[in-house]
Amino acid sequence: MEPSIETLENTVYMQFDHKQYSHETLIELYKNLLRPRMIEEKMLILLRQGKVGKWFSGIGQEAISVGATMAMKYDEYILPMHRNLGVFTSRGIPLEKLVAQWQGKMSGFTKGRDRSFHFGTQEHKIVGMISHLGPQMAIADGIALADRLENRFRATLVFTGEGATSEGDFHEALNVASVWNLPVIFIIENNGYGLSTPTAEQYKCESLVDRAAGYGMQGYKIDGNNVLEVYDTVRKVAEEIRYTPRPVLIECMTFRMRGHEEASGTKYVPKELMDEWRTKDPVFNFENYLLQQGVISLDYVGELKIRNKIDIDNAIDMAFSEFDIVADTAVEVADMYAPTKEEQIEPLSDMKAEKRYLDAISDAMRLAMQRHSNLVIMGQDVAEYGGAFKITQGFVEEFGKGRVRNTPLCESAIVGAALGLSINGYKAIMEMQFADFVTCGFNQIINNLAKSHYRWGQNADVVVRMPTGAGTGAGPFHSQSNEAWFVKTPGLKVVYPAFPSDAKGLLASAIEDPNPIIFFEHKYLYRAISEEILTDYYTTPIGKAKLVNEGNEISIITYGLGVHWALDYLKENPEVSADVLDLRTLLPWDVEAVTETVKKNGKVLILHEDTLCCGIGAEIAAYIGEHLFNYLDSPVMRCASLDTAIPMNKALEDNFLAKARLDESIKKLMSY
Ligand SMILES: Cc1ncc(C[n+]2csc(CCOP(=O)(O)OP(=O)(O)O)c2C)c(N)n1
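Novice: A description of the sheet that holds strand 11 (residues 427–431) should follow, citing residues and the corresponding values.
Specialist: Paired through backbone hydrogen bonds, the strands of a sheet run either parallel or antiparallel to each other. Strands sit in the order 10-9-11-12-14-13-19 across an open sheet of seven strands; the sheet is mixed. The outermost strands of the open sheet, each flanked by one partner alone, are strand 10 (404–406) and strand 19 (585–587). Taking the axes of each pair of neighbouring strands and ignoring which way they run, one obtains an average angle of 20° across the sheet. Strand direction decides the pairing type here: strand 13 (residues 493–495) and strand 14 (residues 517–522), joined by three bridges, are parallel. The residue bridging V495 from the neighbouring strand is F519, located in strand 14.

And the structure:
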């Protein structure tokens, strides 16, 4: 028979050991344990009344959130998940603000832009999840790395469910944390099910904690329903790793007593399991234990519950009575990005030196590293080896291995760690060894870097450097032009210089900019072009195109290698008089400069190395068609690479590239 609450009362079904802890600590633990339970019970009522939407219940798992949060210092970051209400309440977040967040009100944490626990708050040192399970773990690595670099003796705590340990993010984050000796506590809340999937269908090892050894880290498996055991373990581990930095994995065994989310129910869970775990309820058991030990009295419990109930009802009333948000498009659009300084950094002198494209990039980074002691460069082989293209050669000698970091082979974790660095006061440049490999870090860029400012006002001060492009016979996985993937993503800025002077100034701008920047560098141009450029540090404004050739018959709008194709073509065909507009930035692209050249010449060719379908040309052509139609003397034309993968063979690659059709496109446009 299912044990009722009455039979559970007065009985302690679990072993507690309160060690040397004072009554004050025990009572604090109890109060923090009771509060999320009572809030959730109220939420269940509101759900049934149709007053709240989705709810992911943490009932039965509160001891983990509460014990772990109370074991951490208040200035240490915690990265909770969807069942960790106890983290938020134990950190003292006012309940009315939490309810306002859940209800999408302005006084919540995301101005109504994201749901439930999907928010962070620097004030409370909490970095909330995104819906995607897994990426939070690498963010914890970056936060911990910043603490280590600053010699702050702090630990970082991050949660995951057992289901999400199957994501590659889990592996990448634990591995990085271990290789870099980062003081991160990874807590697995093993609650038996990932939605409907039982643990036996999730992993094959006996215990998830067994994996710790594989990463060269310590691991503990503990009773997650025992708040004292959680508190005690996390406290000890945190104390140790603050001064001897290293990650630790803690598997907390618990059970999900309600549906994955309330609407989905628990029909697939065997009744015996529910019965067994009901007796292990973390709140009743601890309450009864404290009563038995004489730490609290029944009167105290009664009064506390009444006080809690009043507080909860008041907070809910307050949040529910708040006005609904009225949308303001200008605010929504502006909040995608952190504000950027208008002023440019001017060079200290007009000294110049001949630099190749790749030297210019290296220059910008070296000067930025000198200027910003909180700037970190990360990437595969970027340290002693100097990077695949030798752009960071000599950096380790000048800046040390702390700030010039070879990474394990894990793009996702490194982008995530870059965001973590930014959250904890640092700036990061990450070198993708080849732009093609960004696919392995896509989620972190698209869902974390790009959206965090809009969601909770947290900027991502991260530059992802992307050695890109074809022309070197490197085939389908070392030559792709993938800039369009990112131009589609609000929150990012996408920069793509064509000349050494711009590469230096724009990279400096990207580093100075508090927003996430995807910085494309054409591999073919690295050693192919050079230019006299300013020796000092200077910035070139992001978002501004540059007219690199003037003519009055047609306008060629292009960027990257396309700029050089166009200029070379005009040199070889002096009879063609064309504006060549180098976009330089693709997001945001320079509408004004495009408008000006279209108005002037009335015939437009958009040229890019990327494939045709849904390339940047499609967007710009659509804009011109929609807004500048009256100035056109011909249809807007596009010259792009074939809609195929990029072949390796030289003849095939030449045929693939847009350059093969440039002459034909220009002639067609001219003759229209
Ligand atoms: C990357 C990703 N895939 C799928 C989902 C859908 N999803 C949400 S919660 C969940 C189960 C998670 O299980 P677990 O990690 O054990 O956490 P629990 O919900 O049990 O606390 C799934 C599959 C998701 N949010 N993210």
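Novice: How would you explain helix 14 (residues 357–371) if you had to name every residue and give the values?
Specialist: Here helix 14 spans 21 Å end to end across 15 residues, near enough to the 21 Å set by a 1.5 Å rise per residue. Counting buried positions over the 15 residues of helix 14 gives eleven, a clear majority of the element.

Novice: Mind laying out the packing of helix 14 against helix 20 (residues 500–512), listing which residues take part and the relevant values?
Specialist: One can describe the packing of helix 14 onto helix 20 by two numbers: an axis separation of 8 Å at closest approach and a directional angle of 30°. Between helix 14 and helix 20, the angle is such that the two are roughly parallel. Here helix 14 runs over helix 20; the crossing is right-handed. Facing helix 14, whose interface residues are Y357, A360, I361, D363, A364, M365, L367, A368 and R371, helix 20 presents P500, A503, K504, L507, A508, I511 and E512.

Novice: An account of the nonpolar core is requested, with residue identities and associated values reported.
Specialist: Counting residues in hydrophobic clusters, the biggest one holds 149 residues, and the most contacted among them are W102, I185, I187, F286, I445 and F486. Ranked by residue count, the leading element in this core is helix 2 (residues 23–48), at twelve residues. Not counting the four nearest positions on each side in its chain, I185 is found in contact with M72, T156, L157, V158, V234, V237, A238, I241, V248 and I250. Counting 65 residues, the second-largest nonpolar core is a separate cluster that includes L367, V396, V563 and I666.

Novice: Summarise the pattern of salt bridges; cite the residues concerned and give the values.
Specialist: Applying the stated criterion across every chain, the model contains 41 salt bridges. Taking the shortest distance from any N to any O, the salt bridge between K31 and E28 comes out at 3.9 Å. A residue pair is termed a helical-turn pair when its members lie 3 or 4 positions apart in one helix, as K31 and E28 do in helix 2 at three residues. Among the residues examined, K31 registers a relative accessible area of 30% and is labelled partly exposed. The partner of D461 in a salt bridge is K427, with the nearest N and O atoms 3.0 Å apart. With D461 in the loop between helix 18 (452–456) and strand 12 (462–468) and K427 in strand 11, this pair connects stretches of sequence that are 34 residues apart. The structure contains a network of salt bridges with shared partners spanning K355, D363, R366, E398 and K504.

Novice: With reference to specific residues and values, describe the site of the ligand.
Specialist: The immediate surroundings of the ligand are formed by 15 residues, with H82, R83, S131, G163 and Y193 found nearest. A164 has a polar backbone atom sitting 3.0 Å from an oxygen atom of the ligand. Between the ligand and Y193, the relevant distance is 2.8 Å, taken from an oxygen atom to a main-chain nitrogen or oxygen of the residue. In the complex, 71% of the free accessible area of the ligand, which totals 580 Å², lies under the protein chains.

Novice: Can you lay out the pairing of strand 17 (residues 554–558) for me, pointing to particular residues and giving the numbers?
Specialist: Burial runs high along strand 17: five of the five residues are buried. In strand 17, alternate side chains face the same way, and those of I554, I556 and T558 on one face and S555 and I557 on the other are all buried. In this structure, strand 17 lies alongside strand 18 (residues 578–582), joined through five bridges in parallel fashion. Opposite I557, over in strand 18, you have L581 as the bridge partner. Remark: the strand 17/helix 22 (residues 561–572)/strand 18 crossover connection has right-handed handedness. One ladder, built from three bridges, connects strand 17 with strand 20 (residues 604–611); its direction is parallel. In the strand pairing of strand 20, I556 is matched with L605.

Novice: Account for the environment of E332, naming residues and giving values.
Specialist: Tracing the backbone through its elements, the reader meets E332 in helix 13 (residues 329–334). Judged by relative accessible area, E332 falls into the partly exposed class, the value being 25%. Note: C-alpha distance between E332 and R113 (219 residues apart in sequence) is 9.3 Å.

Novice: An account of the pairing of strand 12 is requested, with residue identities and associated values reported.
Specialist: Taking burial as the measure, the seven residues of strand 12 include seven buried ones, the bulk of the element. Here strand 12 shows a buried face lined by V462, V464, M466 and T468 and a second buried face lined by V463, R465 and P467. Of the strand pairs in this sheet, strand 11 and strand 12 are connected by four bridges, and their pairing is parallel. The residue bridging E431 from the neighbouring strand is R465, located in strand 12.

Novice: So what about the confidence of the model for the protein chain? Which residues, and what values?
Specialist: It should be kept in mind that the predicted coordinates are not to be read in detail where pLDDT is low. Across the protein chain, the average pLDDT comes to 96, with 99% of residues at 70 or higher. Within the model, pLDDT remains below 50 along residues 1–7, and this stretch shows eight contacts once partners closer than five positions in the same chain are excluded.

Novice: Help me get a handle on the sheet that holds strand 18, residues and values and all.
Specialist: Across the sheet, five strands lie side by side as 16-18-17-20-21; this open sheet has mixed pairing. On the outer flanks of this sheet lie strand 16 (546–549) and strand 21 (637–641), each paired with one strand and no other. Shown here is a sheet whose adjacent strand axes are inclined to one another by a mean of 25°, direction ignored. Pairing of strand 20 with strand 21 involves four bridges; the strand directions are parallel. Following the sheet pairing, L607 is matched in strand 21 by C639.

Novice: Tell me what's going on with the state of the cysteines, and back it up with residues and numbers.
Specialist: Structurally, a disulfide amounts to a covalent bond that connects the sulfur atoms of two cysteines. Across all of its chains, the model carries zero disulfides by this definition. No disulfide involves C252; its sulfur sits 16 Å from that of C205, the nearest cysteine. For the unlinked cysteine C410, the closest cysteine sulfur is that of C440, found at 10 Å. Its relative accessible area of 3% is what places C410 among the buried residues.

Novice: Talk me through the side chain of S555; I want residue IDs and the actual numbers.
Specialist: Its location among the elements puts S555 in strand 17. On the basis of relative accessible area, S555 is assigned to the buried category, the value being 1%. In terms of polar contacts, S555 uses its side chain to reach the side chain of T597, at 2.6 Å. Those residues within four positions of S555 in sequence are excluded, and the remaining contacts are D579, T597, V598, N601, K603, V604 and L605.

Novice: Please set out the packing of aromatic side chains residue by residue, giving values where relevant.
Specialist: By the definition in use, this model includes 26 aromatic pairs. When the ring of W102 is compared with that of F117, the centres are 5.6 Å apart and the planes differ by 75°; the resulting orientation is edge-to-face. One end of the pair, W102, is in helix 5 (residues 95–102); the other, F117, is in the loop between helix 5 and helix 6 (136–149), with 15 residues separating them in the sequence. Pair check on accessibility: W102 and F117 agree, each one buried. Geometrically, the ring pair formed by F395 and F399 is edge-to-face, given 5.8 Å between the ring centres and 65° between the ring planes. A residue pair is termed a helical-turn pair when its members lie 3 or 4 positions apart in one helix, as F395 and F399 do in helix 15 (residues 395–399) at four residues.

Rules and cut-offs
- Residues numbered from 1 in each chain as written.
- Predicted model: local features only at pLDDT ≥ 70, side-chain atom pairs only at ≥ 80, totals over all residues.
- Heavy atoms only, no water.
- Pairing = 2+ DSSP bridges.
- Helix = DSSP H or I, 4+ residues; strand = E, 2+ residues; numbered from the N terminus.
- Axes fitted to C-alpha atoms, helices over the stretch in contact; angles between N-to-C directions.
- Expected span 1.5 Å × (residues − 1).
- Buried < 20%, exposed > 50% of the residue type's maximum accessible area, 1.4 Å probe, protein only.
- Parallel < 35°, antiparallel > 145°, perpendicular 65-115°, else oblique.
- Left-handed = near helix turned anticlockwise from the far one by under 90°.
- Contact = heavy atoms within 4.5 Å.
- Core = buried A, V, L, I, M, F, W, Y, C linked by side-chain atoms within 4.5 Å.
- Salt bridge = Lys/Arg side-chain N within 4 Å of Asp/Glu carboxyl O.
- Near = heavy atom within 4 Å.
- Polar contact = N/O pair within 3.5 Å; in protein donor to acceptor, adjacent residues only side chain to side chain.
- Areas by Shrake-Rupley, 256 points an atom, 1.4 Å probe, with all protein chains shown as cover.
- Right-handed = clockwise from strand over helix to strand, strands pointing away.
- pLDDT = per-residue confidence, 0-100.
- Disulfide = S-S within 2.5 Å.
- Phe/Tyr/Trp six-rings, centres within 6.5 Å; stacked < 30°, edge-to-face > 60°.

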